[in-house]
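Breakdown of the fold
One-letter residues, chain by chain:
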Amino acid sequence: MIENIQSGQCFFPLSMAQLEVWREHVLFPGTAVHTVSARSIITGPLDPEKFGAALFSIWQRHQALRLTPVSGEDGGEPMQVECPAPDRMFDLHDVSDSCDPEGAAESLAADLGRKAIPLDGGPTFRFNLIRFAPDRHIWVMSYHHINMDAWANGILMRDVAAAYCALVDGKQPELPEAPQFGEAVESDQAFLESKRYAKAADYWSGQYRTLPDRLVDAVPSVLEGRPPEPTSLQRIGVDAATMTKLRAVAAEKGATPARLFMAAALILFHKLSGATDMVFGMPVLNRPTARDKETFGLFSLTTAPRIQLDPADDLDALLAELDRSMRGAMRHHRYPLSGVNRTLGLAAQRVLQLFDINISYERVDFGELPFGDAVAGVPRVLLNGVERTPVEIFVREYGDGERVEVDLDLSLGAFSEEDAALLASRYSRVLSWLASGGAGSVSSVPLVDASERSWLLDGVNATARDYGAFEPVHRAFERLAETHPERAAVRFEGVELGYGELNDRANALARRLLRAGVGRDVRVGVALERSVDLVVSLLAVMKAGGAYVPLDPELPRDRLGFMIGDAAAPVVVTRTGLLDVLPVHEGRTL
């Protein structure tokens, strides 16, 4: 910790997890990429004044809520400092007079969840309360990711509910002393100086001596000087019956449901991209001790397992490979992946990070919370509408263990809305294959249903056209020669032939070719310059049923000899003036 004597403020470094977010924030300033939001519906009487007091008491309790990052002097590493309390702890919105109050409240909550939180020296959180009925409110909790993760939001909701209950009972909140986030920063500093850090660095440098296969063919917009693209949200509901089957399969295979959702994503993108050397991002809780689990702040890190997928493998082999890779990644998850990105020089290769897909499995282990005489419902995530990774998959299992939601947040820089919907349906199909037992090899997993298969085979391939009866070129020419014999058919250097005369001359040559043995599929060399005679000769060869082999008289004699021999042409058509140019050959010359 560093104390500034003049200001009286105490500065201390960012944790490793915070530094990872800061480095990305520099790439995406002013966007909502790192805005994390959730909403909870509070049902029952709610006193806004006591609600604000409860928030303030929790702001005092948890150090990370008071922290804000600041840029380092002279380009040095950023630091963080405690900032003063905001003028008010939350903003109150009343939409109860709307024609559809609940719909208006949900819409406003979604808009607030997409609003960026700047790192400008002020608070890194934002709370909003939306009243849509006398005893119905939506509490919107938004944070910059640099100071919180999903686990931290659970801590905050639990503590605010407890503080509010105490205030409703006429008491001052008396919660146990909370661990301070500065302890986590000190732990990180110790890790950076330990042998474990050096061992983790060796592990990751060994894992990523080369880049894995790309799963999504898209250049991140930020590398082209543009802000991140918006996303298309595709939500899949996994019902209780399907989850029961997935849990049974996982138990049989010695795995977890989370592993099956990860395996489904890998199978899907293998079949779509053909990749076999695959890597995916995986958030890690990174709270190994009970004290860590009671500390508000950002602990979660992202690790990147790398697997080798063999299309011939069955589900058991894939899960074994996934388990091997995840064990190694988890053992060394504290190492910051930004170091690997820099070592590989990803930016110079127009690649933002090691992985194209990020898969997060989250469990909300608590249910409704008492809020005095009211009840706060289980929080639901509000997506920010923009992502730096092409594919973000969030699997959320709520308190009752039955309801599971899968959100595919897909960058519109990589997918169209139509492609995004198709991707979600195919992911759902892979999950159904897993729920049915996952029989067969990875390559046999069906991605399309009967209707899409019919469309692909019968719809896309319905290219048959009625072009009428087949008619060779020379037959069409003969019809024109009969109906318009005087019409000019060819002009060259002052010479003009009508359709009738051209047809007659071609017929005469065709008869000579037939007497020379030309017929169906017989090759005839035509050694003539660009001229009327060239057109007559080509038409005659077609009339005789043969195939012409063009011979350029300007080519070397040896080259012409090779072409006549290679084509096995028994007849060569030319003019008298070119006889000296042509090589000796075994066929006839006309």
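Up top is the structure these notes are about.
Rules of the game
- Residues numbered from 1 in each chain as written.
- Predicted model: local features only at pLDDT ≥ 70, side-chain atom pairs only at ≥ 80, totals over all residues.
- Heavy atoms only, no water.
- Helix = DSSP H or I, 4+ residues; strand = E, 2+ residues; numbered from the N terminus.
- Pairing = 2+ DSSP bridges.
- Axes fitted to C-alpha atoms, helices over the stretch in contact; angles between N-to-C directions.
- Contact = heavy atoms within 4.5 Å.
- Phe/Tyr/Trp six-rings, centres within 6.5 Å; stacked < 30°, edge-to-face > 60°.
- Buried < 20%, exposed > 50% of the residue type's maximum accessible area, 1.4 Å probe, protein only.
- Lys NZ or Arg CZ within 6 Å of the ring centre and 35° of its normal.
- Arc of directions from axis to C-beta.

**Structural notes on the environment of Met563**
Among the secondary structure elements, Met563 is positioned in helix H18 (residues 557-567). The spacing of Met563 and Gly525 is 38 residues in sequence and 9.0 Å in space, taken between C-alpha atoms.

**A word on the sheet that holds strand E19 (residues 404-411)**
The strand order across the open sheet formed by 4 strands is E9-E19-E18-E14, and the pairing between neighbours is mixed. With one partner strand each, in any of the chains shown, strand E9 (231-238) and strand E14 (357-363) form the two edges of the open sheet. On average, adjacent strands in this sheet sit at an angle of 15° to one another, irrespective of strand direction. Here 7 bridges tie strand E18 (residues 391-397) to E19, and the two strands are oriented antiparallel to one another. Opposite Val395, over in E19, you have Val406 as the bridge partner. Along the sheet, helix H9 (residues 257-273) makes contact with E9, E14, E18 and E19, crossing E14 at roughly 160°. Against the sheet, helix H13 (residues 417-435) touches E9, E18 and E19, its axis set at about 25° to E9.

**Observations regarding the packing of aromatic side chains**
Aromatic ring pairs are described here by two measures, namely the spacing of the ring centres and the angle between the planes. All chains considered together, the criterion is met by 16 aromatic pairs. On the numbers, 5.3 Å between centres and 90° between planes, the contact of Phe51 with Trp139 is edge-to-face. One end of the pair, Phe51, is in helix H2 (residues 48-61); the other, Trp139, is in strand E8 (residues 136-144), and 88 residues separate them in sequence. By the burial criterion, Phe51 is buried, and Trp139 matches it. Centroid distance Trp139 to Phe371: 6.0 Å. Interplanar angle 65°. Geometry classified as edge-to-face. One end of the pair, Trp139, is in strand E8; the other, Phe371, is in strand E15 (residues 369-371), with 232 residues separating them in the sequence. When sorted by exposure, Trp139 lands in the same class as Phe371, which is buried. Grouped by ring-pair contacts, the aromatic residues Phe51, Phe90, Phe125, Phe127, Trp139, Tyr143, Tyr164, Phe296 and Phe371 constitute a single cluster. Here Arg334 stacks its cationic end above the ring of Phe191, 4.4 Å away from the centre of that ring.

**With respect to helix H6 (residues 182-192)**
Of the positions making up H6, those classed as buried are Gly182, Ala184, Val185, Asp188 and Phe191. If you follow the buried residues of H6, they end up packed against strand E2 (10-13), helix H1 (16-27), helix H3 (63-66), strand E5 (79-82) and helix H7 (195-207).

**Remarks on helix H15 (residues 473-483)**
Turning to H15, its buried residues number three or more, namely His474, Phe477 and Ala481. Buried positions in H15, seen along its axis, are confined to an arc of 55° and lie on one side of it. Looking at H15, the residues exposed on the side facing more than 90 degrees away from the buried face are Glu482 and Thr483. Buried residues along H15 sit against strand E20 (488-492), helix H16 (499-515) and helix H17 (532-543).

Taken by themselves, the reported measurements are silent on function.
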